Amino acid sequence: MSCDAVSMGPTYLDPEHFHALARGAGDERTITALWRSERSWRLIVLRALLDSCAARPDATGPLASVAGAWQLLAEAHAADPAATEDVLAQPQVGIWAAHTLRRLLGDPDPSLPLWMDVGYLHALAAASAVRAGLSFDLDIPVRDGAAVLPTVGAASIRPDVSVVRARARAGQVELVSAARTIRCSAADPNWHAPIIVEADADGVELRVELHDRDVYRDLRGPSTPQPLSAAEIVRWRALLARAWELLVSQERDRAQAIAETLRSVVPVPRQARFRQLSASGAEAFGGVLLSEPDDAAQLAVTLVHESQHHKLGALSHLLTLVEGGGDIRYYAPWRDDPRPLAGLLQGAYAFVGITQFWRSHRHHAPSGERAAADFEFALWRRQTLGVLRVLAASGRLTGHGQRFVDTLYTELEACQTDPVPAAALDAACAVAVDHRAMWRGHNIRVDPADREALAAAWERRDPTAKAVVGRTVLAAPPEGLLDARAVLRRHLLVDPAAFGRLRAAPDEVGARVAGTTAADLALVAGDLDRARAGYLDELHEDASSVHGWVGLGLTQLDRPADPVTRALLGCPDLVLAVVDGLRSRGHRTVIPDPIELATWVGGLVTGQDLDSVDPAGWLAA
């Protein structure tokens, strides 16, 4: 398997496959085409990595040369092409290749010798040779007490050992060091076979590996092994089985596409309820990083979410959909931070899939879960359509990108008239307005000169002050927990009894649901007077509290024309600019009356729509 002799196959996509992807779908044939393209991309990166190693005398340290490792990989491919292709197609191989190539091209990591990263190529060659049944000897690196043969297994090694020899003879495989010889078999307690999870629902099979030891399993960078306990493995098997049954029974075609795509799941520690962590990346097609979900439905929708990212990431390796935008950022209703346009498209594509999932699932959900499913559908069809409008009007899509977004828009627009109970619509409206207002207050910064002018105008109570001011957004804002009240609302919808327990101890809610307050509990429960008093107290303590200003506005969401509502939910950034301006002018009492200030700002922005589409991007500060 010399690089020059490998036939990479056609790297194009048929129009029918493009159209299927643009509808948020994509069948097994489409996924097969994407895998073919990803193979080409992976080999190109490997070729670049090998070429870069040639110029680095420190590339392999105590290990065999890159050429020697590649030769064994070529021999394995000749003996068993399918097995070697499977090894190279693993998601962690893409993460490793991209990470190591960045190091070779000038992104140093002084904490680790280069050969420790390059040496993963030797582990790939050894793993391929094991699966091909070859006899060989090849040294591989040890990282954080683990020696990994991808798809074959991993061994626990003493922490003072940095290299072991992988040796195979007549089907017997060992990892040899001066300290110990480990047999790669179930009989050796230091050997750990891959954790394979298989699920079958109505003839549709899912097979994934749970990665807990491979150093390149995490999209965020090399990470130490985190072995799963027996109980954790049992839970993951059960959750995947239930989620898979749900997906196959309700969205069979989508489930089949996911089965063709998904290769591995990387479990990470459980997060707070309704705040599951999941991630995937274009470098790791077929891999998902995932915290343990709350239930099967959450896992099912997360698999849909990440499969959308896989598809669009692979498509983006073939076609340019978005032109470069420099420092321009956009509002994304599923993120706390401003996003570049390419990231906005990725999110929109994922949430088209999520909307389609909830559109179907709400008709199958048990009676006790229907209200929550209606809410999720109402929320995400609204939020995602707004983002697609921004994308379509951005002027920064290529021809392919414009056709892609226009098709997505048509697909999502078709579900906007689906009947949804009024309670779900009201809850979705409250959450959408809340997040957008919180995002503005958390991320937008008014230019200093305009901030000072606003503060001076407020001191004069000037009703003709300039409302159009210069603004930028923070490129990397601090954590904001902008979803705090949405999490409380989900508690109420999914588990009213649990919400009742939260209400019984309002002073403790912040410790149980990060970012929330007793005023939030009252707001979500419908006790507007108590909520209003709580937010006013919060502003008395901290006049710069975005949470307090927006919460105060939400207490009168039913009065969108009121100047206070317009100011606090439409442009809280201007209210906060006045506060900051007053502080910079030496005022000790920043605002004598929050309602008076909000009324004044609201009078300057008479045309402010609480649900308007943001401008075509913001300049990042």
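Procedures and definitions
- Residues numbered from 1 in each chain as written.
- Predicted model: local features only at pLDDT ≥ 70, side-chain atom pairs only at ≥ 80, totals over all residues.
- Heavy atoms only, no water.
- Core = buried A, V, L, I, M, F, W, Y, C linked by side-chain atoms within 4.5 Å.
- Buried < 20%, exposed > 50% of the residue type's maximum accessible area, 1.4 Å probe, protein only.
- Disulfide = S-S within 2.5 Å.
- Salt bridge = Lys/Arg side-chain N within 4 Å of Asp/Glu carboxyl O.
- Helix = DSSP H or I, 4+ residues; strand = E, 2+ residues; numbered from the N terminus.
- Phe/Tyr/Trp six-rings, centres within 6.5 Å; stacked < 30°, edge-to-face > 60°.
- Lys NZ or Arg CZ within 6 Å of the ring centre and 35° of its normal.
- Pairing = 2+ DSSP bridges.
- Contact = heavy atoms within 4.5 Å.
- pLDDT = per-residue confidence, 0-100.
- Axes fitted to C-alpha atoms, helices over the stretch in contact; angles between N-to-C directions.
- Expected span 1.5 Å × (residues − 1).
- Polar contact = N/O pair within 3.5 Å; in protein donor to acceptor, adjacent residues only side chain to side chain.
- Parallel < 35°, antiparallel > 145°, perpendicular 65-115°, else oblique.
- Nonpolar A, V, L, I, M, F, W, Y, C, P; charged D, E, K, R; others polar.

J.: Tell me about the nonpolar core, residues and numbers included.
T.: Membership of the largest hydrophobic core comes to 87 residues, with the highest contact counts inside it found for Trp244, Leu247, Leu388, Leu391 and Phe404. Counting 54 residues, the second-largest nonpolar core is a separate cluster that includes Leu114, Ala127, Cys184 and Val215.

J.: Can you break down the state of the cysteines residue by residue, with the values?
T.: Counted under the stated rule, the structure contains 0 disulfides. As a non-bridged cysteine, Cys571 has Cys429 as the owner of its nearest cysteine sulfur, 17 Å distant.

J.: Just give me the short version of the pattern of salt bridges, but keep the residues and values in it.
T.: Within this structure, the stated rule accounts for 38 salt bridges. Asp374 serves as the salt-bridge partner of Arg362, at 2.8 Å between the closest nitrogen and oxygen. Here Arg362 is found in the loop between α11 (341-361) and α12 (367-393), whereas its partner Asp374 is found in helix α12, with 12 residues between them in sequence. For Arg362, a relative accessible area of 2% translates into the label buried.

J.: Before we move on, could you go through the packing of aromatic side chains and cite the residues and values that matter?
T.: Summed over all chains, the structure comprises 10 aromatic pairs. Measuring from ring centre to ring centre gives 4.6 Å for Trp35 and Phe285, while their planes differ by 80°; the resulting arrangement is edge-to-face. Residue Trp35 is found in helix α2 (residues 28-54), and its partner Phe285 is found in the loop between β11 (278-279) and β12 (287-291); the two are separated by 250 residues along the sequence. Across the pair, Phe285 and Trp35 agree in class, each one buried. The structure contains a cluster of three or more aromatic residues connected by ring pairs, namely Phe18, Tyr349 and Phe404. Here Arg263 stacks its cationic end above the ring of Trp35, 4.3 Å away from the centre of that ring. A cation over an aromatic ring shows up here: Arg461 above the ring of Trp458, its NZ or CZ 3.6 Å from the ring centre.

J.: I'd like a description of the pairing of strand β10 (residues 264-268), backed by residues and values.
T.: Burial within β10 is extensive, with 5 of its 5 residues counted as buried. Side chains Ser264, Val266 and Val268 of β10 all project onto a buried face; the interleaved residues Val265 and Pro267 project onto the opposite face, where all are buried too. As judged from the 2 bridges shared by strand β9 (residues 204-210) and β10, these two strands associate in the parallel manner. Bridging across to β10, Glu209 finds its partner in Ser264.

J.: How would you summarise the environment of Phe357 if you had to cite specific residues and measurements?
T.: Tracing the chain through its elements places Phe357 in helix α11. A residue is classified by how much of its surface remains accessible, and Phe357, at 2% relative accessible area, is buried. C-alpha of Phe357 to C-alpha of Asp327: the two residues are 30 residues apart in sequence and 33 Å apart in space. In this structure, Phe357 is in contact with Leu246, Leu247, Glu251, Ala297, Ala300, Val301 and Val304, ignoring residues within four places of it in sequence.

J.: Hey, could you go over the confidence of the model for the protein for me, with residue numbers and the actual values?
T.: Residue-level pLDDT values for the protein average 93, and 96% of them are 70 or greater. For residues 1-9, every residue scores under 50 in pLDDT, and the model assigns this stretch 20 contacts once sequence neighbours within four places are set aside.

J.: Got a sec to walk through the sheet that holds β10? Specific residues and values, please.
T.: The strands that make up a sheet are held in pairs by hydrogen bonds between backbone atoms, and each pair lies either parallel or antiparallel. Within the open sheet, the 5 strands sit side by side as β8-β9-β10-β12-β11. Their pairing is mixed. Single-partner strands in this sheet number two, and they are β8 (195-201) and β11. Relative to β9, β8 is paired through 7 bridges, and the arrangement is antiparallel. What sits directly across from Ile196, in β9, is Glu209. Across the sheet, helix α10 (residues 296-318) lies against β11 and β12, angled at about 145° from β12, the strand it touches most.

J.: Residue-level account of the pairing of β8, with values.
T.: Only one face of β8 is buried, namely the one carrying Ile195, Val197, Ala199 and Ala201, since none of Ile196, Glu198 and Asp200 on the opposite face is buried. Where β8 folds back onto β9 in an antiparallel hairpin, the turn is made up of 2 residues, including Asp202, whose phi is positive at roughly 50°.

J.: Explain the sheet that holds strand β5 (residues 172-176) residue by residue, including any values.
T.: Spatially, the 4 strands line up as an open sheet ordered β1-β4-β5-β6, and their pairing is antiparallel. Of all the strands in the sheet, just β1 (136-141) and β6 (181-183) have a single pairing partner and so form its edges. The sheet shows a mean angle of 25° between the axes of neighbouring strands, direction not considered. Relative to β5, strand β4 (residues 163-169) is paired through 5 bridges, and the arrangement is antiparallel. The partner of Arg165 across the bridge, within β5, is Val176.

J.: Outline α2, supporting the account with residue identities and numerical values.
T.: An ideal rise of 1.5 Å per residue puts 39 Å on 27 residues; α2 measures up with 39 Å between its terminal C-alpha atoms. Where α2 starts, the residue carrying a side-chain oxygen 3.2 Å from the main-chain nitrogen of Arg29 turns out to be Asp27.

J.: Give me the packing of helix α15 (residues 448-460) against helix α23 (residues 572-584): which residues, what numbers.
T.: Packing of α15 against α23 leaves a shortest axis separation of 8 Å and a crossing angle of 85°. The orientation of α15 with respect to α23, classified from their angle, is roughly perpendicular. Contacts between α15 and α23 involve Arg451, Glu452, Leu454, Ala455, Trp458 and Glu459 from the first element and Leu574, Ala577, Val578, Asp580, Gly581, Leu582 and Ser584 from the second. A breakdown of the residues in the contact of α15 with α23 according to their chemical character gives 7 nonpolar, 2 polar and 4 charged.

J.: Just give me the short version of unusual backbone geometry, but keep the residues and values in it.
T.: One non-glycine residue, Asp144, lies in the positive phi region at around 50°. Here Asp144 lies in the loop between β1 and β2 (146-149). Although it is not a glycine, Thr151 adopts a positive phi angle of roughly 75°. Owing to a relative accessible area of 18%, Thr151 belongs among the buried residues under this scheme.

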